[in-house]
Every structure is written in C-alpha cells, then in structure tokens.
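# Structural description and commentary
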Amino acid sequence: MASCSSRARCPRALDVPRRRRCRPVRSSGRDVQRLSDGLSALRRLDESLWPMLLELPIASDSVERAASSLKIWKDSLRKGLLPSTGKTSWPEEPFRSKLMGALHELEMPRFCRRHPQLLNSLLRQMLELSAEFEATREELNDQKYEGLEQPARQPQSGKGEQGEERMEDATASDEPIEGGVHRSDADTDEKSAEDIQFDMEINQGDNEDKDLLADDQDQQTREDKILSEKAERMAEELVEQWAPITEKLDMASHMFDNIENLLEGPEGFDITTSVWRHSGWRELDSLRKKLENLKELRELVRSLGRGGGKGPLRKSTAERSVPRSPMGVVRSPLEPVETRSLTRSDDLSRMLPSEAALLAMGGKYGRLLHFSRRAERNLTSYERSSWVEDPSVLLNFQEVRPSAECGPIIVCLDTSGSMIGARETVAKAVALECMRGAHLQRRKCYLYAFSGPGQVQEMELGVDSKNLLNLLEFLSNSFHGGTDVDEPLERSLRKIDELQWQDSDILMVTDGEIRPPSDELLESLAALNEEKGVELHGLLVASQVNDVMKSICTKLHVFQSWKAVT
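Criteria and cut-off values
- Residues numbered from 1 in each chain as written.
- Predicted model: local features only at pLDDT ≥ 70, side-chain atom pairs only at ≥ 80, totals over all residues.
- Heavy atoms only, no water.
- Patch = residues over 30% accessible without salt bridge, like charges linked within 9 Å, V, L, I, M, F, W, Y side chains within 5 Å.
- Areas by Shrake-Rupley, 256 points an atom, 1.4 Å probe, with all protein chains shown as cover.
- Salt bridge = Lys/Arg side-chain N within 4 Å of Asp/Glu carboxyl O.
- Lys, Arg positive; Asp, Glu negative; His and termini not counted.
- Charge placed at Lys NZ, Arg CZ, Asp CG, Glu CD.
- Helix = DSSP H or I, 4+ residues; strand = E, 2+ residues; numbered from the N terminus.
- Buried < 20%, exposed > 50% of the residue type's maximum accessible area, 1.4 Å probe, protein only.
- Core = buried A, V, L, I, M, F, W, Y, C linked by side-chain atoms within 4.5 Å.
- Domains from an automatic or database assignment.
- Contact = heavy atoms within 4.5 Å.
- Phe/Tyr/Trp six-rings, centres within 6.5 Å; stacked < 30°, edge-to-face > 60°.
- Pairing = 2+ DSSP bridges.
- Axes fitted to C-alpha atoms, helices over the stretch in contact; angles between N-to-C directions.

### Describing a negative patch on the surface
Taken together, the side chains of Glu490, Asp519, Glu520 and Glu523 present a region of like negative charge at the surface. Tallying contributions element by element places helix α18 (residues 519-532) first for the negative patch, with three residues. Topologically, glutamate 520 is positioned in helix α18. Residue classification places glutamate 520 among the exposed positions, given a relative accessible area of 62%.

### Brief notes about the pattern of salt bridges
Side chains that differ in sign of charge can pair as their charged atoms come close. Scanning the entire structure with this criterion turns up 24 salt bridges. A salt bridge links lysine 71 to aspartate 75; the shortest N-O distance between them is 2.6 Å. Of this pair, lysine 71 and aspartate 75 both sit in helix α4 (residues 63-78), four residues apart, roughly one helical turn. Note on lysine 71: relative accessible area 13%, which makes it buried. Three or more residues are tied together by salt bridges with common partners; here these are Glu107, Arg110, Arg114 and Asp250.

### So, the nonpolar core
Counting 83 residues, the largest nonpolar core has Trp73, Trp242, Trp276, Trp281, Leu468 and Phe474 as the members making the most contacts within it. It is helix α9 (residues 193-255) that contributes the most residues to this core, 12 residues altogether. In this structure, this core is formed jointly by two domains, domain 1 (46-143 + 222-277) and domain 3 (409-564), each of which donates at least three residues. Among residues more than four places away in sequence, those in contact with tryptophan 281 are Lys248, Met251, Ala252, Val275, Trp276, Leu468 and Leu472. Formed by 25 residues, the second largest nonpolar core is a distinct cluster that contains Leu489, Leu525, Leu540 and Ala542.

### Overview of the packing of aromatic side chains
Per the counting criterion, the structure on display carries six aromatic pairs. With centroids separated by 5.6 Å and ring planes inclined at 25°, the aromatic side chains of phenylalanine 95 and phenylalanine 133 adopt a geometry described as stacked. Of this pair, phenylalanine 95 sits in helix α5 (residues 95-106) while phenylalanine 133 sits in helix α7 (residues 118-148), placing them 38 residues apart in sequence. Just as phenylalanine 95 is buried, phenylalanine 133 falls in that class too.

### Some remarks on the environment of phenylalanine 111
Structurally, phenylalanine 111 is set in helix α6 (residues 108-114). Look at phenylalanine 111 and you get buried, because its relative accessible area is 3%. Taking the C-alpha atoms as reference, phenylalanine 111 lies 8.8 Å from leucine 77; in sequence the two are 34 residues apart. When residues no more than four places from it in sequence are discounted, the contact partners of phenylalanine 111 are Leu106, Leu118, Thr246, Leu249 and Asp250.

### Concerning the sheet that holds strand β8 (residues 445-450)
Strands sit in the order β9-β8-β7-β10-β11-β12 across an open sheet of six strands; the sheet is mixed. Where the open sheet ends on each side, the last strands, each with one partner, are β9 (456-460) and β12 (555-558). Direction aside, the axes of adjacent strands within the sheet are offset by 15° on average. Of the strand pairs in this sheet, β8 and β9 are connected by five bridges, and their pairing is antiparallel.

This is how it looks when you write it as structure tokens:
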C-alpha cells in the first residue's frame, strides 16, 4: 500500500513530459554523423535561410534534421514536385500536411520549376510559418508543464497521516502484517472501522488517478485540435498571399517571353514588391487579349527603328519569307555563304565525297544507283545558305537566328480628353505592344505621354520591376486635358541626339485634333530626316486624315481594326 499512497500524493509524477528544449544532447557516433549531414545540407542552402533555420524553436539535435528536410523541399520543388511524405519529416505534423495541400492548390511546384527565383522566398515564408507553429506548440507544452508543477492533492482531514502512523506502528510491532495492516490475535477475523476507512481512502485515490488520466487525454485532444486549427489558418494565409502572385506570374508569362528581370531584387524575389500588388495587371491582361486580334499594330511596331536586320545569334521567333510583308531576316540558299548541315539534293557541287566515290568506283550498278539518286534529288549533300534580309512574317515557334538589330522606338502618345473611349484603348495597346515588341527584339523603347502645355509624362518601357510599375500606373489612369505636340516632339529630338537612341524612329499616336507645331520644329524634323533618316510615323485613331498630321509625319497610318477594340 505504500506505493499506492505515494502515487496518490503525486498522481501524475510518472506522466510528466520532458520538454524538448530540456532534452540532453547525447554525443553518440550516430548523432555526430547526423549533425555532420545536417551541416552539409545547411551549406547547400542559400545563406539568407541560415539565421531563420537556426532560430527555429526546436531542439539542438533537430537542426540537422530540419536542414536536411529543407534541402529536400528545395530540390523537389525545383523539379516541379512536392516531396513525398517518407522523405521529409519537417515541418511537424499537422502543419506539414496542411502546407502540402496549400502548395498543391497554388500549383507552386509548376511555378518553382519554371521560375527558380521563387524558391528562396517560398522557403523563407515556410520557415516563418514553421517557427510560428513550433512556438504555439512550445507554449502549449509550457502551460501543461506549469500545471504539472502544481502541488499534489492534500490528504483529507489528516486521515492520511493517521494511516501512515498506523503503518509505522504495525511495522514496529512484531506481529505479522497482512495487506499492510497490523492485526492482533483478537481481531484477525474482522476489520476494524479504521481499517475500512483506510481502504476506502486508497480506493478513492485510485479513482482520482483514473480521472486525472482521462483529464490528461482530454487536454491532449484539445492541444491537438488547437494545433490543427493553427496549421489550417497558416495554410490559408499562405494561399491568400501567393494566389494573386501566381495569377500575375501567369499573366506576365503570357505577355513577355522572358520575365527573369521581374523576379530579381536585392534579396531575390519578394512577394511584397509593389509591382506584384498593383491593380493594373487586369488592364494589362485585357489589352494583351485585344492585341491578339490587332495584327496591324504588331506590323507597325516591327517597321519602326533603323539599322541592319542581322545581328548576333539569339533564340527568337522564326520568320518565313512572304512577299509584300515588313522586312525581316530569313535563311536563303541563294547566298551559299556557310555550311549549315547535311541535306538531300541533286547538286553535284554540294554532294558528299561518298557520293562521288560511288559514281567513280561503283561500277555499272554504282553509276546506275548514283543516277537514280540524282534524278530523285536524293544525293547526300552539304546544306549551304545564309541569312538575308527579305520581306517576311513571324511564325509560331522559335529558332536560333540573327536578332533584329533595328533601332530603338520613341512613342509620343496623346492622352488628351478627346482620346477617351475606344481611342484610349488603342493608345494604351500601342504602348504595350511597343514595349513587348522592343523586349522581344532586344530593343529600347521610350514613351512620352502628352496632353496640354507642360503636361508630359515620360518613362522608359522595359521588362523590369521599376519600368513595368510605371507602365501599370499609366494603364490604370484615364486620359484628360488639352493637346500640345510641340514639347513631346522637342524632347524626342533631344533624345535622338543621345548615343543609345541615335537610330530611333518616332511614333505619334493621336486622334488628329491637334494644333500645327511651330515652323522651327517642322524644320528640325525635316533636317533630321534628311541627315539621319529619322522617320516620324503617325498612327491616326480617327476616321479622317487632316493636313496637320500630313505635315508632321513621314509615314501616316490610319487605324482600321475598330471591331477588335470595341
């Protein structure tokens, strides 16, 4: 009974959980090897992740496990996959299952494979959420441990002390002890009232132990529920933060062939960057869909800029020779400058030596075989060709080809009040297409958005965070004000004087409701056209051509595809 009495005084003494941070570190050979593996995995991670990983509220012997698991996460996401449950044990459940569900919903493996710059930002956020989850677990453990340190229940009305005194008396006596209670010869056949009361107290202690065990189970269930709800909220928070980003990443991928510059920052990709939080992405995607049916704008942008059409080899959109199309660069056998590969032909000057050997030394049947191959244009021959400038159209695939080295584009865009409506949509679509076309052909593009006197907004159109943010702001605003073309044209002429912009052409987009520019400005434009070949293209978003636009523009285009806009 002494052992039962001791357990009654401290009913949960054997159930006290050892807190993780108090766990002693045993330096066995296996632990040393595991720590070495963890440090090796830590070195393979980005250095920006180290402080966050080491600050996790986990035991020191679990750092290597978290580092190794984090490396598995990174490698799996880079391949476009989620890590299997058996390969990683971090983060702790139930957060790990909720996290995998959230990443699957966001299709993050697909985005991480396509854009590896997202990985470090995603892993940092995973570490932050894991630290929050572990802190919640530690707080619950602390509350439970503090409850276990409360004094055990006290014996009732001193009866427990009387029982102990009776035990001591029985031990001191020479009489035999049965069931832990001293009995004399006179009362061996029946229990006294004190013995019955003592047994009742022991049974009551056992019942209280069972109640406390049930309370512990209930408390554990409550803790599991709290942790599960916490993991669910953090997974929802992750989805809320990344869902708009992934949607805009899809929009950017459809708009531009390369968005790597948009994903770079001082510390890599950052979801808090304002360019990914801007509301102008909806307008940009709407304009992109309209541009799919505006072929005349694409061809107009291709015709802008001066310079040779053949430059360094890069992977870009293939072209095919089509008469009466804008000038491009196509491969042609009419100028056999270089040997590209092998082909089949009937040209004796390009056939391989093996074909000549068959003709000379093959005998009667060899000569017959050679003649039949030549008749079928099936002689193995060298393919000799070169890149030439020729009227061409773009195709739907890419190849390694000379990039178009046309000059930059300067756009003067009318943003006056008379441009509101469909005209405003066309003007914004032109700005977007100039930016996209220039980016595709590795050219520079500059925009002057003008309205009344002194009201000129200028920006460079490039596929990077700063310039794209300026374009999104421009697309989100509406047009208003008067019209003054002198200042944007003067700024354009000064821009062309700069070395990087000396091969530029100017595109003016307006509805034609403008005042005639000054005579001095018209003379400067004419002189620049004669000396350097600078052309001023005009896109008239109106139904009638006026004399003012004819006097300004070298080439005048009238917009026709109104159905695609309205």
